[in-house]
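In case you want the letters, here they are:
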Amino acid sequence: MESTSYIMKQDLVEKGWTKTLIAKFAGNPDKFKRHSGYKNPLCLYDSDRISLIESMDEFREALELSVLRRKKVQETKKINKEKAWSEKQSFLESKIKTIIDDYSNIAIDVKSIPVEDIEVAALQSYNHWVNDKIDYFLRKHDSRWEEFFEETVCTNRMAVNFIRHRLTNYEDEIDALRRLSNSFDGFAIPFPEHRQCYKLLKTATIRAIAEKYPKFATECCRQIAIMEEE
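What counts, and at which threshold
Residues numbered from 1 in each chain as written. Predicted model: local features only at pLDDT ≥ 70, side-chain atom pairs only at ≥ 80, totals over all residues. Heavy atoms only, no water. Helix = DSSP H or I, 4+ residues; strand = E, 2+ residues; numbered from the N terminus. Buried < 20%, exposed > 50% of the residue type's maximum accessible area, 1.4 Å probe, protein only. Contact = heavy atoms within 4.5 Å. Areas by Shrake-Rupley, 256 points an atom, 1.4 Å probe, with all protein chains shown as cover. 1 Å grid on protein atoms, 1.4 Å probe; cavity = no way out; pocket = protein on both sides within 12 Å on 5 of 7 lines; lining within 4 Å. Points joined across faces, edges and corners; volume = space filled by probe spheres on them. Nonpolar A, V, L, I, M, F, W, Y, C, P; charged D, E, K, R; others polar. Disulfide = S-S within 2.5 Å. Patch = residues over 30% accessible without salt bridge, like charges linked within 9 Å, V, L, I, M, F, W, Y side chains within 5 Å. Salt bridge = Lys/Arg side-chain N within 4 Å of Asp/Glu carboxyl O. Lys, Arg positive; Asp, Glu negative; His and termini not counted. Charge placed at Lys NZ, Arg CZ, Asp CG, Glu CD. Axes fitted to C-alpha atoms, helices over the stretch in contact; angles between N-to-C directions. Parallel < 35°, antiparallel > 145°, perpendicular 65-115°, else oblique. Left-handed = near helix turned anticlockwise from the far one by under 90°. Pairing = 2+ DSSP bridges. Expected span 1.5 Å × (residues − 1). Bend = angle between axes of the 7 residues up to and from the residue.

A. Representation of the overall build of the protein in the model. On a plain count of helices and strands, the protein comes out with 11 helices and three strands. Counting from the amino terminus, helix and strand elements in the protein follow one another as β-α-α-β-β-α-α-α-α-α-α-α-α-α. Across the 230 residues in the protein, those meeting the buried criterion constitute 30%. Here the contacts in the protein between residues at least 6 apart in sequence split such that 70% fall between residues at least 24 apart. In the structure as shown, the protein presents an accessible area of about 16100 Å², 51% of it carried by carbon and sulfur atoms.

Written out as structure tokens, the structure reads:
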């Protein structure tokens with residue numbers, strides 16, 4: 001019966017050994033063992049031999065130097081991380097000073113397509129939205145559902161909302177504002193300007209729509225007036 005006890009490579013690592021120390025002092029494993037759930041065989045080392053190596057002055061000095069090097073690497077990583085964090089935080093804090101000006105002068109691109117096409121697409125989009133909101137039973141069993149679509153006509157409000165979401169860069173800018181807000185949250189920096197930036201963005205978008213599509217200018221003015229009252 002085998003009386004020799006063995007220690008796994010992972011046990012050596014947990015004791016502070018590195019790959020370099022294992023290769024230099026322990027050398028090749030004393031035994032390999034297949035183990036269920038492991039692709040490669042386990043590397044086993046004679047525990048008595050390992051204990052003898054760990055008692056050697058040469059090993060102790062090498063281990064101490066290795067620990068010091070690893071500690072220095074970790075300290076350097078920590079310093080660099082803290083520096084990067086501080087620089088990012090400073091950048092965001094400085095961004096607050098100019099962010100309102102950025103959104104006050106934001107450029108909004110509005111695609112130009114025939115008004116008739118907008119009205120058709122806006123009505124379809126609205127109907128799809130309503131369809132998602134209506135209760136399953138109503139959609140399946142209420143005969144008035146068909147009549148609702150037949151009687152629904154495109155309104156200027158539908159058209160303006162459709163243009164804002166589908167024919168401008170409004171959604172992209174909203175995503176950018178959301179990412180910016182999340183960055184402030186991540187660094188625990190207050191960002192009360194978020195709401196003001198959103199209103200500036202939406203207002204700029206609606207004004208650009210009114211300029212591109214005069215037919216919907218009255219509805220654009222109505223929506224802007226509502227926002228100003230909020």
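Having seen it, we continue.
B. How the structure looks around the layout of surface pockets. In this structure, the largest pocket occupies an estimated 400 Å³ of space. Taken together, 13 residues line the largest pocket, and the ones lying closest to its centre are Ser125, Tyr126, Trp129, Met158 and Asn161. Listed by contribution, the elements that provide at least two residues to the lining of the largest pocket are α5 (115-133) and α8 (156-166). At seven residues, α8 tops the list of elements feeding residues into the lining of the largest pocket. Classifying every residue of the lining of the largest pocket gives five nonpolar, five polar and three charged.

C. Broad picture of the state of the cysteines. A full pass over the atoms with the stated rule returns zero disulfides. Free of any disulfide, Cys220 has its nearest neighbouring cysteine sulfur in Cys221, separated by 7.0 Å. In this structure Cys220 comes out as buried when scored by relative accessible area, which is 1%. In this structure Cys221 comes out as exposed when scored by relative accessible area, which is 52%.

D. Representation of a negative patch on the surface. Side chains of Asp57, Glu58, Glu61 and Glu64 sit close together on the surface and give a patch of like negative charge. With respect to the helices and strands, the residue Glu61 is situated in helix α4 (residues 57-104).

E. Main features of the packing of α4 against helix α10 (residues 194-212). Taken N-terminus to C-terminus, the directions of α4 and α10 make an angle of 15°; their axes are 8 Å apart at the nearest point. Here α4 lies roughly parallel to α10, going by the angle between them. α4 and α10 meet at a crossing whose hand is left-handed. Packed against α4, whose contacting residues are Ile99, Ile100, Tyr103 and Ser104, the element α10 presents Gln196, Cys197, Leu200 and Leu201 at the interface. Each residue belonging to the contact of α4 with α10 can be placed in one class, and the counts come to six nonpolar, two polar and no charged.

F. Expanded view of the pairing of strand β3 (residues 42-46). With four of five residues buried, β3 is to be regarded as a mostly interior element. Judged from the three bridges that link them, strand β2 (residues 31-33) and β3 form a sheet pairing that is antiparallel. Paired with Phe32 across the strands is Cys43, a residue of β3.

G. Representation of α4 in the model. Under the 1.5 Å per step criterion, the end-to-end length of α4 is 70 Å for 48 residues, consistent within 8% with the ideal 70 Å. Where α4 bends most, at Lys97, the angle is about 50°. Of all the positions in α4, only Phe59, Ala62, Ser66, Leu92, Ile99, Ile100 and Tyr103 are classed as buried. Buried residues in α4 make contact with α2 (19-26), α3 (47-54), α9 (170-186) and α10.

H. Focus on the pattern of salt bridges. Applying the stated rule across the entire model yields five salt bridges. Between Arg178 and Asp175 there is a salt bridge whose closest N-O contact spans 2.7 Å. Of the two residues, Arg178 and Asp175 are both situated in helix α9; the distance of three residues between them amounts to about one turn of the helix. Look at Arg178 and you get partly exposed, because its relative accessible area is 43%. Overall, the relative accessible area of 31% leaves Asp175 in the partly exposed class.

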